[in-house]
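Residue-level listing of the chains:
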Amino acid sequence: MAQASDDTILKFPILIGDIGGTNARFALLIDSYAEPREFPIVQTADYPNIDEAIQACILDRTSIMPKSAVLAVAGPIDGDEIDLTNCDWVVRPLEMARSLGLEDIVLLNDFEAQALAVVALGEEHMIKIGDGEAESAASRIVLGPGTGLGVAGLIHARRTWIPVPGEGGHMDMGPRSPRDFEVFPHLERIEGRISGEQLLCGRGLVNIYRAIAKADSRPAHFTTPAEITTAGLAQSDDVAEEALSMFVTCLGRLAGDLALVFMSRGGVYLTGGIAQKIVNALQHPRFREAFEDKAPHSALLRAMPVYVITHPLAALAGLAAYARTPMRFGVETEGRRWRSGRRAAT
């Protein structure tokens, strides 16, 4: 393992945070051995900006003043102002350092944090879907159907875990089965495209549900992902049940494609609230059948394990692992780190 240097070390205490469109979750790391001290979940709509939220919800509630911060944000990190997706907050690290007294700020992509969590969490925080055994130092892939569809890879090279963020959730999705060809013409598209995110997120489930109803000229009684999920799991509505089944099948197909791209012998990991809520549906054989149906490489997919991450604060666990031992991870911080009131070159 590489030796720590001044370029990688973060000074304790360290504030870690996972900032999403609706909720922000924070914790404090006192030192490299202590468990993170978690704080109540923050509703982003309740505060005009992230600085005020941190001050009111964390700093005003503790005598421990952080020297560094590692924050995962849902949005492109480019420049000194970072607009968050699905949230009105704008992260301004230079202003944050001045207003909160921070010496060092690192910003990561939200799914980088999820990828880091894969090696930070134990098996007690995972439910295995089907067969296959993980190779300890092999590549991994993380998928998170939620507000959108997050995707990240995790590659092991030269004794270092390297997260690979990207926009894999926007890969094309097409019909495969005869039933798909009946339903897909009724799916809502974006500029003529059907991407993974048009199917495999909360609004994607609604999209599938409405398309099935239109294909069969049946009424669509439900309007929210929660209603469709509840009815589908309870098998109380035929359209909702089929929508959930198609959601699971399409998730299996895309997960299998990404597993081939990353040669994920270390496993495929499903994260986020939706995956946790539909574990029973994911345990139906249709998920693994779709995941493994990749001729001529079906045997390769059969050997790859799939897990649902059940930890409610998985991203924070990943951030904590990085904050404790940044040298363990090949995280590129150029353009994403601000030190002593200026953007750091590395």
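Just above, that's the structure.
Residues numbered from 1 in each chain as written. Predicted model: local features only at pLDDT ≥ 70, side-chain atom pairs only at ≥ 80, totals over all residues. Heavy atoms only, no water.

What about the overall build of the protein chain?
- Assigned secondary structure in the protein chain consists of 12 helices and 16 strands.
- On C-alpha atoms alone, the protein chain measures out to a radius of gyration of 21 Å, which is about the 20 Å that the 2.2 N^0.38 rule sets for 346 residues.
- Here the C-alpha coordinates of the protein chain stretch approximately 60 × 45 × 35 Å along the principal axes.
- By the burial criterion, 52% of the 346 residues in the protein chain qualify as buried.
- Intrachain contacts of the protein chain at a sequence separation of at least 6 include 67% that bridge at least 24 residues.
- Here the protein chain has roughly 15,400 Å² of accessible surface; of this, 49% comes from carbon and sulfur atoms. (Helix = DSSP H or I, 4+ residues; strand = E, 2+ residues; numbered from the N terminus. Rg over C-alpha atoms; globule rule 2.2 N^0.38 Å. Buried < 20%, exposed > 50% of the residue type's maximum accessible area, 1.4 Å probe, protein only. Contact = heavy atoms within 4.5 Å. Areas by Shrake-Rupley, 256 points an atom, 1.4 Å probe, with all protein chains shown as cover.)

Some points on the side chain of Thr44
- Looking at the secondary structure, you find Thr44 in the loop between β4 (42-43) and α1 (50-57).
- Not counting residues up to four positions away in its chain, the partners in contact with Thr44 are Gly20, Gly21, Thr22, Asn23, Ala24, Cys87 and Trp89.

Brief notes about the packing of helix α7 (residues 238-262) against helix α10 (residues 285-292)
- Relative to each other, α7 and α10 sit at 35°, their axes nearing to 7 Å. The chirality of how α7 crosses α10 is right-handed. Contacts between α7 and α10 involve Ser245, Val248, Thr249, Leu251, Gly252, Arg253, Ala255, Gly256 and Ala259 from the former and Arg286, Phe287, Ala290 and Phe291 from the latter.
- Taken together, the residues of the contact of α7 with α10 break down into 7 nonpolar, 4 polar and 2 charged. (Axes fitted to C-alpha atoms, helices over the stretch in contact; angles between N-to-C directions. Left-handed = near helix turned anticlockwise from the far one by under 90°. Nonpolar A, V, L, I, M, F, W, Y, C, P; charged D, E, K, R; others polar.)

Focus on the environment of Arg265
- For Arg265, the position within the fold is in the loop between α7 and β13 (268-270).
- Given a relative accessible area of 36%, Arg265 falls into the partly exposed group.
- Sequence separation of Arg265 and Met304 is 39 residues, and the distance between their C-alpha atoms is 5.5 Å.
- Once you skip the residues sitting within four places of it in the chain, Arg265 turns out to touch Glu133, Ala134, Glu135, Ala138, Ser139, Leu300, Met304 and Pro305.

Quick look at the pattern of salt bridges
- Per the stated rule, a full pass over the model turns up 15 salt bridges.
- Between Asp104 and Arg337 there is a salt bridge; the shortest N-O distance is 2.6 Å. Placement of the pair is Asp104 in strand β8 (residues 104-109) and Arg337 in strand β15 (residues 337-339), with a sequence separation of 233 residues.
- A salt bridge links Glu112 to Arg336; the nearest nitrogen and oxygen atoms lie 2.6 Å apart. With Glu112 in helix α3 (residues 110-120) and Arg336 in the loop between α12 (314-324) and β15, this pair connects stretches of sequence that are 224 residues apart. Of the two residues, Glu112 and Arg336, both sit in the buried class.
- One network of salt bridges, in which partners are shared, links Arg179, Glu182, Asp216 and Glu242. (Salt bridge = Lys/Arg side-chain N within 4 Å of Asp/Glu carboxyl O.)

Some thoughts on the packing of aromatic side chains
- All told, the structure shown has 4 aromatic pairs when counted by the stated rule.
- Both rings, one in Tyr209 and one in Phe222, keep their centres 5.8 Å apart while their planes meet at 35°; by these two values the pair is tilted. Placement of Tyr209 in helix α5 (residues 202-215) and of Phe222 in the loop between α5 and α6 (225-234) is noted, with a sequence separation of 13 residues between them.
- Using a relative accessible area of 0% as the deciding quantity, one classes Tyr209 as buried. (Phe/Tyr/Trp six-rings, centres within 6.5 Å; stacked < 30°, edge-to-face > 60°.)

Considering the nonpolar core
- The biggest cluster of nonpolar side chains holds 49 residues, and the ones touching the most others in it are Leu143, Leu199, Leu200, Leu270 and Leu282.
- For Leu143, the residues in contact, after removing those within four places along its chain, are Phe111, Gly150, Val151, Leu251, Ala255, Leu258, Val268, Tyr269, Leu270 and Thr271.
- Of all hydrophobic cores here, the second largest spans 37 residues; its members include Tyr269, Ala314, Leu316 and Ala321. (Core = buried A, V, L, I, M, F, W, Y, C linked by side-chain atoms within 4.5 Å.)

As for the sheet that holds strand β12 (residues 160-165)
- Strand order in the open sheet made by the 6 strands is β9-β14-β13-β10-β11-β12, with mixed pairing throughout. Two strands bound the open sheet, and with one partner strand each, they are β9 (126-129) and β12. When strand polarity is set aside, the average angle formed by the axes of neighbouring strands in this sheet is 25°.
- Here strand β10 (residues 140-145) runs beside β13; their pairing, made up of 3 bridges, is parallel. Bridging across to β13, Leu143 finds its partner in Leu270.
- Along the sheet face, α7 touches β10, β11 (149-157), β12 and β13 and points at about 150° away from the line of β10. (Pairing = 2+ DSSP bridges.)

As far as function goes, none of this settles anything; it's purely spatial.
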